Amino acid sequence: MTAPAVARDARVRRFALTDSLFHALTRAAAILVLLLLGGVAVSLFLGAWPALSHFGPAFLVTESWNPVREKFGALAPIYGTLVTSAIAILIAVPIGIGIAIFLTELCPRPLRRPIGMAVELLAGIPSIIYGIWGLFVFAPFMQTVVQPFVIGLFHDVPGLSALFAGPPYGIGILTSGLILAIMVLPFISSITRDVFDTVPAMLKESAYGIGCTTWEVTRRVVIPYTRVGIMGGVMLGLGRALGETMAVTFVIGNAHRIHASLFAPGTTISASIANEFTEAVGDLYTSSLVALGLILFVITFLILAAARLMLLRTGHKAGA
Amino acid sequence: MMTFIRPTALAAAAAVALSIATAAAGNAADISGAGSTFIYPVFAKWADTYKKETGIGLNYQSIGSGGGIKQVIAKTVTFGATDKPLSDEDLGKNGLVQFPMVMGGIVPIVNVEGIKPGELVLDGKTLAEIYLGDITSWDDDAIKALNPGLNLPSLAIAVVHRSDGSGTTFNFTDYLSKVSADWKDKVGSDTAVEWPVGVGAKGSEGVANMVMQTAGGIGYDEYAYAAQNNLSYARMENAAGKIVEPSLETFGAAAANADWQGATNFHVIITNQPGDNSWPIAASTWVLIHKAPEDAVAAGDALKFFDWAYKNGKDAAKGLDYVSIPDNVVGLIEATWSDIKADGKPVYTVGQ
């Protein structure tokens, strides 16, 4: 072999070496995440086992949560978690999509960045700030203005009168849902805006070319094209709403009861844990709180997996 | 490929070990504790003065009583602090001893228009019936009978309780259990209970805020918090049938009249205590420490700090609206310290 060939071989070997080192490092990082996730799942399960084995499947469908008699059931927190998240999504999705449509289709160019950034800044506010604001500013407003008005408005209407029954405490399921709506709004609007940007200009221009209005282009072209991506954004927002702890803890009232009224205090899984873990004494009590955590872990995992799947499918579609 | 990872991992492990060792050396002299948030302001104030006098600091994490108990059992801290005393069985099982460190009062706070702080009088039975949902209006006969001079409105009572687990709730519900058989049967006492009525608010500030916002509201808070925020409190009728104002004197009377001598492990909850001058809802915080500590020096330092606090910390506690432990009780507590031994020798001798 000639001298240059030997030198080149050495260089190639060195490259191969750095490549495999890089490969190993990145793989180790990925494995670390899996190990952490697995570790969390295993320790949650082990921590929850005393409660799960003691109460059995009844744990999931029992409403009573009585630390004095050590009888625990997860139904009220599961209900509260699902209802507050549903309220948040119901409110945040139309507003979020509205923001995205405005920013991508209608907004004058100089305003795009300021408005987009303002929405994304909402995501940067720590949840404790939302909680304190919710308790000291928003809850009194709900209590003195919104709730008395709504109770008065619907008190004769069957069904709605039960859904909006007093007394107006200010805090409760609806207040939590509204604060969650504000918190998940930036997730939904920024993802929706990004997927709206993936709509090929040709499609939109053709629609405009045959005389469609902006509404028709949005309704018939943009939204159908990006439907799955929007769903992915909604799911991510939902995942966030399900797990949100601090803001909800301040305004939910932590009552382990299921009430027909949205104005009644309730509790969510994460709020129960945050409220009670610090002072929980006794193995069954702490174990029941960990079991709540396990339930939330499973719910969130399912939601996020669904979101990933949908985003993956949009990716294919946008690439096609 | 593993060969490439190993040196890096080793280096990282070595770096971590080194930093831990350095950190440990830096804080070696500090006393470590964790637990009750109720006692935290007092500990912080004491620790500040103690550090100036002796150079030994206190590293106290106010993570809540439950966390404090877990950490002291796991021996990650030298002592724990709890608002709910452990049972003799739990103490024995985990090799711990407990003694009270500081006391305070719990006061009912109300928001009824036209009624000034301290004007309203309540007794235990009425308070229990309000929290059970049996009394629902401020002009109920039971409340009227206690307040003949007051013009009580026909206003719904909005019950507010703590939403988070709390030593305040434990002492409040303990009092209700002592004065009402109905409460004891239906609800009981713990750091969190299954409330029959009302709305939960997080923390002392949450309860105060909720009561102040809601016309006809009633709640309960630590006296220290209520006093510093000028909340509208109610007076109480005590076990002796006398009407008392919440004050450091009446809390102190409750502490002094309690039967500490006859209790094992200082397991006395100072609610509904006898004595004309005793405030009925008083609370204490206990310190938990291992009976046979692994680190005798750390345990000795901690006891020395407690000894100093019992003797020199009274004014600081008073300034924060807490009650220090009466001298006769301190004598009883310190007498038990000779049982805290390492290698057969007490870790700290009082008067050293």
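For clarity, every value in this text was computed on a predicted model and none was experimentally measured.

**Focus: the overall build of chain B**
Working step 1: Along chain B, the regular secondary structure elements total 14 helices and 14 strands.
Working step 2: Considering chain B as a whole, with its 352 residues, one finds that 54% of them fall into the buried category.

**Digging into the interface of chain A and chain B**
Working step 1: Across the boundary between the two partners, chain A contributes 33 residues, which contact 40 residues of chain B.
Working step 2: When the two sides are added together, the surface that chain A and chain B hide from each other amounts to roughly 3000 Å², 55% of it contributed by carbon and sulfur.
Working step 3: For chain A, the biggest contributors to the area lost against chain B are Val68, Tyr169 and Glu279 of chain A; these three give 21% of the whole.
Working step 4: Counting across the chain A and chain B interface gives zero salt bridges.
Working step 5: Where chain A packs against chain B, one counts 14 residue pairs in polar contact (both at pLDDT 80 or more).
Working step 6: Residue assignment for the side of chain A that touches chain B shows that the elements contributing at least two residues are α1 (3-55), β1 (65-66), α5 (127-154), α10 (246-251), α11 (269-276) and α12 (283-319) of chain A.
Working step 7: When residues of the side of chain A that touches chain B are assigned to their parent elements, the largest contribution, five residues, is made by α1 of chain A.

**Looking at the pairing of strand β1 (residues 31-35) of chain B**
Consecutive side chains along a regular strand alternate between the two faces of the sheet.
All names here are of chain B.
Working step 1: Along β1, five of the five residues are buried, which leaves the element largely enclosed by surrounding structure.
Working step 2: Here β1 shows a buried face lined by Ile31, Gly33 and Gly35 and a second buried face lined by Ser32 and Ala34.
Working step 3: Bridge analysis of β1 against strand β2 (residues 58-61) gives four bridges, and the strand direction is parallel. Bridged to Ala34 within β2 is Gln61.
Working step 4: For the crossover that starts at β1, traverses helix α2 (residues 40-54) and ends in the parallel β2, the hand is right-handed.
Working step 5: The sheet contact formed by β1 and strand β3 (residues 79-82) spans three bridges and is parallel. Among the inter-strand pairings, Ala34 is bridged to a residue of β3, identified as Gly80.

**Regarding the packing of helix α5 (residues 124-132) of chain B against helix α7 (residues 167-179) of chain B**
Residues and elements named next belong to chain B.
Working step 1: Where α5 contacts α7, the axes come no closer than 9 Å and their chain directions differ by 110°. Comparing their axes, α7 and α5 come out roughly perpendicular. In the packing of α5 onto α7, the handedness of the crossing is left-handed. Seen from α5, the contacting residues are Gly124, Lys125, Leu127, Ala128 and Tyr131; seen from α7, they are Phe172, Tyr175, Leu176 and Val179.
Working step 2: Looking at the contact of α5 with α7 residue by residue, the class counts come to seven nonpolar, one polar and one charged.

**Observations concerning the sheet that holds strand β10 (residues 243-244) of chain B**
Residues and elements named next belong to chain B.
Working step 1: If you walk across this open sheet you meet the three strands as β5-β9-β10, and the pairing is mixed. Each end of this open sheet is capped by a strand with a single partner; those strands are β5 (121-123) and β10.
Working step 2: In the sheet, strand β9 (residues 235-237) pairs with β10 via two bridges, with the strands oriented antiparallel. Looking at the pairing, Met236 lines up with Val244 of β10.

**Quick look at the environment of Leu304 of chain A**
All names here are of chain A.
Working step 1: Its place among the elements puts Leu304 in helix α12.
Working step 2: Judged by relative accessible area, which is 35%, Leu304 ranks as partly exposed.
Working step 3: Taking the C-alpha atoms as reference, Leu304 lies 6.7 Å from Met235; in sequence the two are 69 residues apart.

Analysis parameters
- Residues numbered from 1 in each chain as written.
- Chains lettered and ligands numbered in written order.
- Predicted model: local features only at pLDDT ≥ 70, side-chain atom pairs only at ≥ 80, totals over all residues.
- Heavy atoms only, no water.
- Helix = DSSP H or I, 4+ residues; strand = E, 2+ residues; numbered from the N terminus.
- Buried < 20%, exposed > 50% of the residue type's maximum accessible area, 1.4 Å probe, protein only.
- Contact = heavy atoms within 4.5 Å.
- Buried area = accessible area lost by both parts, 1.4 Å probe.
- Salt bridge = Lys/Arg side-chain N within 4 Å of Asp/Glu carboxyl O.
- Polar contact = N/O pair within 3.5 Å; in protein donor to acceptor, adjacent residues only side chain to side chain.
- Pairing = 2+ DSSP bridges.
- Right-handed = clockwise from strand over helix to strand, strands pointing away.
- Axes fitted to C-alpha atoms, helices over the stretch in contact; angles between N-to-C directions.
- Parallel < 35°, antiparallel > 145°, perpendicular 65-115°, else oblique.
- Left-handed = near helix turned anticlockwise from the far one by under 90°.
- Nonpolar A, V, L, I, M, F, W, Y, C, P; charged D, E, K, R; others polar.

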